[in-house]
Every structure is written in C-alpha cells, then in structure tokens.
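Single-letter residue listing:
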Amino acid sequence: MPKQRITDEEALAFHLDPTPGKFEITATVPMTTQRDLSLAYSPGVAVPCEAIAADPSTAYDYTNKGNLVAVISNGTAVLGLGNLGALGSKPVMEGKAVLFKRFADVNSIDIELDTEDPDAFINAVKLMGPTFGGINLEDIKAPECFIIEQKLKEEMDIPVFHDDQHGTAVICAAGLLNALHLSGKKIEDVKIVLNGAGAAGIACIELLKSMGARHDNCIVCDTKGVIYQGRTEGMNQWKSAHAVNTELRTLEEAMDGADVFLGVSVKGAVTQDMVKSMADNPVIFAMANPDPEITPEEAHEVRNDAIVATGRSDYPNQVNNVLGFPYLFRGALDIHARAINDEMKIACAQALAELAREDVPDEVAMAYGKKLSFGRDYIIPTPFDPRLIYRIPTAVAKAGMDTGVARRPIIDMESYELNLKSRMDPTASILRGITARARQHQATMIFAEGDDPQVLRAAVQYQRNGYGRALVVGRPDNVREHLEAAGLGDAVRELRVVNAANTGNLETYKDFLYERLQRLGFDRHDVHRLAARDRHVFASLMLQHGHGDGLITGATRKSAYVLDRINHVFDAKASDGAVGVTAVLHKGRIVLMADTLVHEWPETEDLANIAERAAAVARGLGLDPRVAFVSFSTFGYPLSERAQKLHEAPAILDQRGVDFEYDGEMTADVALNPDVMAQYPFCRLSGPANILVVPARHSASISVKMMQELAGATVIGPILSGVDKPIQICSTNSTSNDILNMAVLAAARLGEK
C-alpha cells in the first residue's frame, strides 16, 4: 500500500482550518430559553451543588466528571522532538484529546503546565482533581515522570496514568503474549533484552515481570550498556530496580541467545549480527519512532523465523498506544475507579491478545485492503477493529471491580457491553472502507477545474496521500501560479496538467462528440468550441475515452450547468436512469438523500428507481439499505395529492421484489427517530432509515443545505449513480477537503454504475 506523504503546509492547514485547533466544546443541554438558563445556572444549579456537597459521589451523576479526562503535560519530552515547552506541546495534547473521543467516546481537556519543577507540577494537578474522572500524563521527561506519577497516584483518588510509560507497556505485552504463543515459548522461561531505560522501557519490563517474566532473565540496557548489579554510572533508583547479577556489559553481548528484544531507544541500535545471534524464533519489538532499531526487512533478511513488531503503521504489528489508553480509561471511568492498577493493565493486554487470535471482521479487512488473520504478521489488533470498544473496557472494568478500585461496580455486564457498542461511530468504518478501496484501486483522477485553488489543493492531497494519480485540466502557467500562491510550489513538478493543446487526442474527442450531437443542433464549429474550450466537456471526453478513471468537477459552476455539460458526453439524464445521491454525515450517523441532482419532479416510477439506485450506493458504502419515502404526511395522513406519489412508490418496489427495506410515505422524524417510528408498529423498517427519497430535487437541496449550515453536517455528494464511469459533482462552496473526499469516493466506486 502506498505510503502517505504529509507536507508541513498540509499539516499547518489541517490545524488552522476550519477553526484553529482540533476540537471545541458544545452544550449537551438546551440553552435557548430563560428557563433553560435558569436551570443551567442560577438559581437551578444550586440544587446539584448542595447535593454534591452533601454526597461527593453524586458528582458523577450531576456533572461531566465521570466522563472527563485531563491530558496534562509540561512539554519536556514532546514526541521525538525533545523539550518544546508547555505551549509547544499543546497540538499533541489536543490530538490526544480527540483520540480519546474518537476511539472511546471519552471527553478530554488538554492542560499544559508551564513548569519543570516536579513539586509545582504535582501540586497543580492535585488541586485540579475534583474536576476530572481521570488524569492522563503525557510527554514528560524521565526521571521526573516517575516522580510525578507515583506521587499523584498516592495523593489522588482518581486514575492517574502516564501513557508514555504504561500505554506502550500494555500494547507491547499484548503483542508479546501472542508472539510467544506462536513461538511455543512461555514468558517465565524466555530471556528478554530491553534497550532503552527511559519511561516506556522501564514500564514495559515492569509490566512483563508482573505477568510472570523472571527478574534474572530480563537484561536492561541503556546508552552505557547493560544495567548490572554494582554499576554506578548513569544510574537512578528506577534503573537500579532492574539491575541483574551478570557478566554481560554490552547490548551485543546481551543479545546472544536472547528470545526477545524490546527496543524503545534509537534508530539502528540493533545490527543484523545481533539478530543472527538470537535464539530460535526470536521476537523483535523495535519500537523506536519514527525509525525502528532495525527494520523488519533487515531482520528478516538474516532470520526468516523472526516475529517483528515496530511502532510504525506502514509495517505489520504496529505497537500503537491508541489500542490501550482510550479503552483503559473507558473501563476505569465506567466503574468510577480510584486508580488504574496493574491488574487492569494486564487485563487490557490479555484482552487485546485474545482479540487478535479471533477471526477479523470483514470491515477491518476492507479498511486495510487485505485479509488479516492471526499469525506472525498479525499479533496485535488493528486500531480500527470495531470490537475494541466493547471488548477491552469490559475486561478492564471487571479487573477493576475484582481488585476493589471500583466506586460503582457494574451489575449487568451484558447491558454494559451493549452500551459500549452504541458508542461506536458507524461513519468512521464506512469512510475507512472507502479510503482503503480508493488506495487499492490507484485510480487516475481527472480534476476538471485547474484554475481553482481548492481543487488544486485537493489534487495535490489526492496524489500525495497515495490514492493514485491526479490529472488537472488547465493551463500550466495558471496552475503554477495558483499552486505557488497556495504555498504548494513544490507540487508543480508532481501534477500533470492537461488541456486541449497538449492532449494529442483532441480530434478523436471531437469526432466522438460530433457523432453524439450532430442531430441535436450542433455543428462542427460548436463541437470544436465545446471540446477545446469547455473544461467540463473536455474532462468528460477524457474520462469517456479511458484517459482517466474518474472525474471531479462542479467546484466553480452550479451543478445543473455542469450536469448539462456532462450530458454532452455521457447519458446522465433522468430518462437514462441517472440519480444524484448525497451523503449527510452528522454525529455518528450517515443518511443518504436522493435525488439531489437529476430528477426535478420525479413521478411514482421515478421514485422507485431512485430508491433502487440509492440502495446500490448505500451498499457500496457498506450500509444495509433502509429506505424511507419522506413527505409532510405519514401513512396517508393528512391526505394530499402532493404526497400520493410517495404513498404509491413502495407498491412498485413490492412488485419488483427488491431485496432491501423500504416504507412510506412518512415524515422525516418518523423515518429517523426510533421512538417516533415505534408509534407506527406496522412500519416495515427495522430501524431508522439511512436513505431518504424526497418528493423533488428542490426539497432535497433545502434539506441538505439546512443540515450543512444549521447542524454542521459533513456533506459528500451529489454522487452521480447510474453512469458507467465515476463522476462526482462538487458544490460551489466546497473546501479542498470536501473535494478530496469526492475524489476518494470516486476512486472507491470504480467498477460500479
């Protein structure tokens, strides 16, 4: 799979647009009327205040404490960048906060403390304790991180967790359990060599020892060599705890006969000769970032029996902390835990190991573009496995209850697991599947409007992110000028700019177009003007003749105009069976609207056709179609001639015997709200609709625009279905990210009609 390339400019733009930073805070209660304000603040707020003062445990009931984690750093060890200071660490801490939300629905606030004094840091965090249900420490240099975490654990009654230490340790332990399982070895018997005695390394070896690894079998090395009993240089109390009685003095000596190597050190620390000297079926976890101690290719070149893991996503077996910390905190918060103890960490590691041994769901295979199964290249689950959210927190919560750190134990674990499943965001897996298919297809995408900066940004991103090749229709000088103005001057050499003057295929295009249009009032002069000067027509001709795999257009002209131009080349009219489907993504839901592009006033038969086309698009996105024909009336009330077509359309689908759910006519709240739908027990839908077929194109447009403007929904489309080539028509207010999404979707839909 092609590696992604992220430029400095792209990274900065991501953090700047649409608003600075990566998250915002929204109210979970209504704040519109005077009564709402009185309940949210004075005088209504006094009641829960008094209740909490009388019984502090009720803070978990009346405030957000029970689902709120602080991500705290002083910026002394930011990623691999060193001491950037408190403010320099803020983008990372914001990123950690959104990972908490994305993977485990944990609310999180980043806090950057401007001090390198451990006592001042400890005091600040301790004083904030009443606000949060847990504390995630991040990017604090050793040995201060050990001091800070230990003291806070002793003095606070909520979980305190330094992810740089324990997050890495948990995922490392999970992978090692499975690697040893495949090697036929036991943890208590193997010789383990650790290189890197910082926060993560010490935590890894401590957790493995608590899981059964023997102290004398664990050799820890740092920049000075082996940590042995009697060594004084570069020692501290945390290293001394892992000193062993040995004559070994160097990493090279320690590696001889070792079963396991754990690296949290630097690139190139391990040589091929060291790997050669290891025991049979060696396990190598080279976790240095961004470059491992030894690459999998280098290790396998000399030992094809080795099981290798790294910290990188472009190699198998990634040791990724996101597999641990969100779910550890999810389980701990849900039992109102006083701490995250070793038993909870071990439970997390064991649950992850067990999950990797099970069959991998199809949606995970789709997201990665290949079938995954337990083995030497798959010993750790992927971060996008949908089972993580309900398997790992459950194991953590059970361990917390068994060890007595739960303030409020969970009584019904089955209901708890169902609740965790409901926290999943289905749109995430859908978009991952689309992205994976796009990368797999490596489509050549035609961007018709090369004079638009947003289109050019999208074209550059499409190519740099490994989706395929971007062709931009425009004049080279004009494209260069726009790229340079956008800070993408280096992309001039990457993009191929095409136009009528340099194509070499213009006469072929004109002959084809004349044959299509000669009986529709177009002469040779008209055809030349269209083919040579209209970029929408020219780009469509390129696509029709196989000089590209998909087409992105519409960012600079209204969709009706663009569709008219496309129809000069393709059969994309209502009478041809074409349909426009728009995907609306909002708060973890995805709803398709149709027809948003082609049919102005669809008749009853048209509405049935639209439903079938939309259902096919839904299946292409990984959805099980549930179609609602929506109107201002519900199942015949109030009676209206305008609603009659939507009332009759389901009967046509009955006659056709289609294989998806559908019903109507009904109002939008009946279609989308399960509680309202339940008032109509005869409704044939098994759940909320994910496809809304609307009475006319104008109603679809109004609905989509309102969702976009009032609710902040993400809109992808319209997706032009029923045409034998992938064509996506953007809206004129599309951002570069919107256009990129359309291009990715077009690439993923190759082969569909």
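Residues numbered from 1 in each chain as written. Predicted model: local features only at pLDDT ≥ 70, side-chain atom pairs only at ≥ 80, totals over all residues. Heavy atoms only, no water.

- For the protein chain, an unreviewed UniProt entry supplies the name NADP-dependent malic enzyme and the organism Aliiroseovarius salicola.

**Overview of the overall build of the protein chain**
Thought 1: Tallying secondary structure elements over the protein chain gives 32 helices and 21 strands in all.
Thought 2: The C-alpha atoms of the protein chain give 30 Å as radius of gyration, which agrees with the globular expectation for 753 residues (27 Å, within 12%).
Thought 3: With the principal axes as the frame, the protein chain shows a C-alpha extent of 95 × 65 × 45 Å.
Thought 4: Residues classed as buried in the protein chain amount to 53% of the 753 residues present.
Thought 5: Once local pairs closer than 6 in sequence are excluded, the contacts in the protein chain between residues at least 24 apart make up 70%.
Thought 6: Within the protein chain, one finds 75 positive and 99 negative side-chain charges whose respective centroids are separated by 3 Å. (Helix = DSSP H or I, 4+ residues; strand = E, 2+ residues; numbered from the N terminus. Rg over C-alpha atoms; globule rule 2.2 N^0.38 Å. Buried < 20%, exposed > 50% of the residue type's maximum accessible area, 1.4 Å probe, protein only. Contact = heavy atoms within 4.5 Å. Lys, Arg positive; Asp, Glu negative; His and termini not counted. Charge placed at Lys NZ, Arg CZ, Asp CG, Glu CD.)

**Remarks on the sheet that holds strand S1 (residues 68-73)**
Thought 1: Judged by pairing direction, the sheet is parallel, and its four strands sit side by side in the order S2-S1-S3-S4 without closing on themselves. Strands with a single pairing partner mark the edges of an open sheet, and in this sheet they are strand S2 (107-112) and strand S4 (160-162). For this sheet, the mean inter-axis angle between neighbouring strands, taken without regard to orientation, is 25°.
Thought 2: Pairing of S1 with strand S3 (residues 134-137) involves four bridges; the strand directions are parallel. Note that in S3 the partner of Ile72 across the bridge is Leu137.
Thought 3: Running over the sheet, helix H6 (residues 90-104) touches S1, S2 and S3 and is turned about 165° from S2. (Pairing = 2+ DSSP bridges. Axes fitted to C-alpha atoms, helices over the stretch in contact; angles between N-to-C directions.)

**As for the sheet that holds strand S5 (residues 192-195)**
Thought 1: If you walk across this open sheet you meet the six strands as S7-S6-S5-S8-S9-S10, and the pairing is mixed. Edge positions in the open sheet fall to strand S7 (225-226) and strand S10 (307-310), since each of these has one partner strand only.
Thought 2: Here S5 runs beside strand S8 (residues 260-263); their pairing, made up of four bridges, is parallel. Within S8, the position partnered with Leu194 by the bridge is Leu262.
Thought 3: Helix H9 (residues 163-183) rests against S8, strand S9 (283-286) and S10 of the sheet, and its axis sits at about 160° to S9.
Thought 4: Here helix H10 (residues 199-210) sits on the sheet and contacts S5, strand S6 (218-222) and S8; the angle it forms with S5, its principal contact strand, is near 160°.

**Brief notes about the packing of helix H27 (residues 604-620) against helix H28 (residues 644-656)**
Thought 1: Relative to each other, H27 and H28 sit at 60°, their axes nearing to 8 Å. Taken together, the axes of H27 and H28 lie oblique to each other. The handedness of the crossing between H27 and H28 comes out as right-handed. Contacts from Thr604, Glu605, Leu607, Ala608, Asn609, Ala611 and Glu612 in H27 reach Lys645, Leu646, Glu648, Ala649, Ile652, Leu653 and Arg656 in H28. (Parallel < 35°, antiparallel > 145°, perpendicular 65-115°, else oblique. Left-handed = near helix turned anticlockwise from the far one by under 90°.)

**Points about the packing of aromatic side chains**
Thought 1: One pass over the full model with this rule turns up 12 aromatic pairs.
Thought 2: Residues Tyr680 and Phe682 carry aromatic rings whose centres are separated by 6.0 Å and whose planes lie at 85° to one another, so their mutual orientation is edge-to-face.
Thought 3: Among the aromatic side chains, those forming a connected cluster through ring pairs are Phe100, Phe161, Phe325 and Phe329.
Thought 4: Here Arg557 stacks its cationic end above the ring of Tyr561, 3.8 Å away from the centre of that ring. (Phe/Tyr/Trp six-rings, centres within 6.5 Å; stacked < 30°, edge-to-face > 60°. Lys NZ or Arg CZ within 6 Å of the ring centre and 35° of its normal.)

**With respect to the UniProt feature "domain: Malic enzyme N-terminal" (unreviewed entry) in the protein chain**
Thought 1: According to UniProt, the positions carrying the feature "domain: Malic enzyme N-terminal" (unreviewed entry) are residues 20-153.
Thought 2: Secondary structure content for residues 20-153 is 44% helix and 12% strand, while the C-alpha to C-alpha distance between its ends is 34 Å. (UniProt positions renumbered as here; feature names shortened; annotations may be inferred.)

**Topic: the pairing of strand S18 (residues 661-666)**
Thought 1: The buried count for S18 comes to five of six residues, which makes it a mostly enclosed element.
Thought 2: With five bridges joining them, strand S17 (residues 626-630) and S18 adopt parallel strand pairing. The residue of S18 that forms the bridge with Phe629 is Gly664.
Thought 3: Taking the sense of rotation as the criterion, the β-α-β connection linking S17, H28 and S18 turns out right-handed. (Right-handed = clockwise from strand over helix to strand, strands pointing away.)

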